[in-house]
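Observations on the model geometry
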Amino acid sequence: MSAQAEVRLAPPARLAAWLARHRRWFVLTGAGCSTASGIPDYRDSAGAWKRAMPMTIQAFRSDAAARARYWARSLHGWPVFAAAAPNDAHYALARLQAQGRIVRLVTQNVDGLHQAAGTKAVIDLHGRLDRVVCLHCGWRAPRAQWQQVLLAANPHWCARPLAVAPDGDADLAQADFSAFRVPPCPRCGGIVKPDVVFFGDTVPPARVQAALQALAAAEAMLVVGSSLMVYSGFRFARAAAEMGKPIVAINLGRTRADALLADKIEAPCGQVLAAVALTAPPARDHAARI
Ligand SMILES: [Zn+2]
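Since the model is a prediction, treat every value here as computed from it, not as a measurement.

Cut-off values and rules
- Residues numbered from 1 in each chain as written.
- Predicted model: local features only at pLDDT ≥ 70, side-chain atom pairs only at ≥ 80, totals over all residues.
- Pairing = 2+ DSSP bridges.
- Helix = DSSP H or I, 4+ residues; strand = E, 2+ residues; numbered from the N terminus.
- Axes fitted to C-alpha atoms, helices over the stretch in contact; angles between N-to-C directions.
- Buried ≥ 20, exposed ≤ 12 C-beta atoms within 10 Å, placed from the backbone.
- Core = buried A, V, L, I, M, F, W, Y, C linked by C-beta atoms within 7 Å.
- Contact = placed C-beta atoms within 7 Å.
- Expected span 1.5 Å × (residues − 1).
- Bend = angle between axes of the 7 residues up to and from the residue.
- Parallel < 35°, antiparallel > 145°, perpendicular 65-115°, else oblique.
- Left-handed = near helix turned anticlockwise from the far one by under 90°.
- Nonpolar A, V, L, I, M, F, W, Y, C, P; charged D, E, K, R; others polar.
- pLDDT = per-residue confidence, 0-100.

A word on the sheet that holds strand β5 (residues 140-142)
Read from one edge of the open sheet, three strands run β5-β4-β6, paired in antiparallel fashion. Of all strands in the sheet, those with a lone pairing partner are β5 and β6 (192-196), marking the two edges. Neighbour-to-neighbour, the strand axes of this sheet turn through a mean angle of 40 degrees, independent of strand direction.

Listed below in structure tokens is the structure:
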């Protein structure tokens, strides 16, 4: 099939052609994968911020007012976030993995929706919002439990949430956060934070290494719903290019890796993946590899 003929194919057929050419894929997903689940994206189709810059680790560590603002917003954002369910994109990727087509799925999302859809061994590059961790002693707890602690510390807190962001934050533009009480770590009195990688923080090296190993074992890389503007995700596209592996992206709009892509399919990822996952044949040598 010539490149020109391929351009005229419908998005699912284009992806199917790539899947027919390469058996084993390294998959990297981003916010665009979860938008259909009601979790909004940070960035618009040109890669620019849609709203104020999200919390940085520096502000969270050093600024008590910033922490109060974060947890007050999170108190409202969490129930919406916790109620989100997987969409077609998550289920289709789980099917592709079950068909032996995915070496490893790495996500930049912190929502746990790939696991909820049935994908195994997901690498949560930026952590999980359904856990909290103490910055000082490493105490961890489920976010649902922390919600009860937050509510108990702020029985009269009320403000109107405007929107929920991908990190479970909610916009409370006009609220006064000075009355919000942030509970300390119950074990050491330290600062408790969601178990996610904030902007300005580093991804744990073991996670990056595990992902790079999976990439090395794959024949090609599929990017789903990510503009790759953040380096922690972009690095895998760069590594794939250096290893000579083709990169295909399903993304609405610009990505930081546009120059590295073998193909960019600009269509809603759920539609494209669902159509392909139902028809994709298993990898021929899957049985021999497991
Ligand atoms: Zn602690």
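Don't stop here, the text continues.
Details of unusual backbone geometry
The residue A121 is not glycine, and still its phi comes out positive at about 55 degrees. Among the structural elements, A121 can be located in the loop between α6 (113-117) and β3 (123-124). Its identity is not glycine, yet L228 carries a phi of approximately 55 degrees, on the positive side. With respect to the helices and strands, L228 occurs in the loop between β7 (220-224) and α9 (231-242).

Focus: the pairing of strand β2 (residues 102-107)
A large share of β2 lies buried, amounting to six of its six residues. Relative to β2, strand β1 (residues 25-29) runs parallel, the two sharing five bridges. Residue pairing for β2: F26 is matched across the bridge by R104. Summarising the sheet, β2 and β3 pair through two bridges and their orientation is parallel. For T107, the partnering residue across the bridge sits in β3 and is D124.

Description of the nonpolar core
Counting residues in each nonpolar core, the largest one holds 64 residues, and the members touching the most others are W25, V27, L93, M221 and V223. Apart from the residues within four sequence positions on either side, M221 is in contact with W25, F26, L28, L215, F236, A237, A240, K245 and I247.

Regarding helix α4 (residues 64-83)
Side chains three or four residues apart in an α-helix point the same way, a direct result of the helix having 3.6 residues per turn. Helix length check: α4, at 20 residues, gives a terminal C-alpha distance of 29 Å against a target of 28 Å (1.5 Å per residue), a fit within 8%. If you look at α4, its biggest bend is around 40 degrees, right at G77, and the proline P79 turns up within four residues after that. Of the residues making up α4, those classed as buried are R67, R69, Y70, W71, A72, R73, S74, L75, H76, G77, W78 and F81. Contact partners of the buried residues in α4: α3 (57-62), β4 (127-134) and α7 (143-153).

A word on helix α5 (residues 88-98)
Among the 11 residues that make up α5, nine are buried, leaving the element largely enclosed by the rest of the structure. Within the span of α5, buried status applies to A89, H90, Y91, A92, L93, A94, R95, L96 and Q97. Positive backbone phi, at 80 degrees, marks G100, one or two positions downstream of α5.

A few points about the packing of helix α2 (residues 11-21) against helix α10 (residues 269-277)
At their nearest, the axes of α2 and α10 sit 9 Å apart, and the two run at 55 degrees to each other. One element, α2, and the other, α10, form an angle in the oblique class. The handedness of the crossing between α2 and α10 comes out as right-handed. Contacts between α2 and α10 involve P11, P12, L15, A16 and L19 on the former and, on the latter, V272, A275 and V276. Residue classes in the contact of α2 with α10 are distributed as eight nonpolar, no polar and no charged.

Some thoughts on the confidence of the model for the protein chain
Considering every residue of the protein chain, the mean pLDDT works out to 87; 83% of them sit at 70 or more. Long-range and interchain partners of residues 285-290, a stretch whose pLDDT sits below 50, account for one contact in this model, where long-range means more than four residues apart.

Observations regarding the sheet that holds β1
Paired through their backbone hydrogen bonds, the strands of a sheet run either parallel or antiparallel. Pairing within the open sheet is parallel, and its six strands lie in the order β3-β2-β1-β7-β8-β9. Looking at the sheet topology across the chains shown, the edges are occupied by β3 and β9 (263-265). As judged from the three bridges shared by strand β8 (residues 247-250) and β9, these two strands associate in the parallel manner. The partner of I250 across the bridge, within β9, is I265. Contacts from α2 reach β8 and β9 within the one sheet, and its direction differs from that of β9 by about 145 degrees. The strands that helix α8 (residues 205-217) touches are β1, β2, β3 and β7; relative to β2, the one it contacts most, it runs at about 145 degrees.

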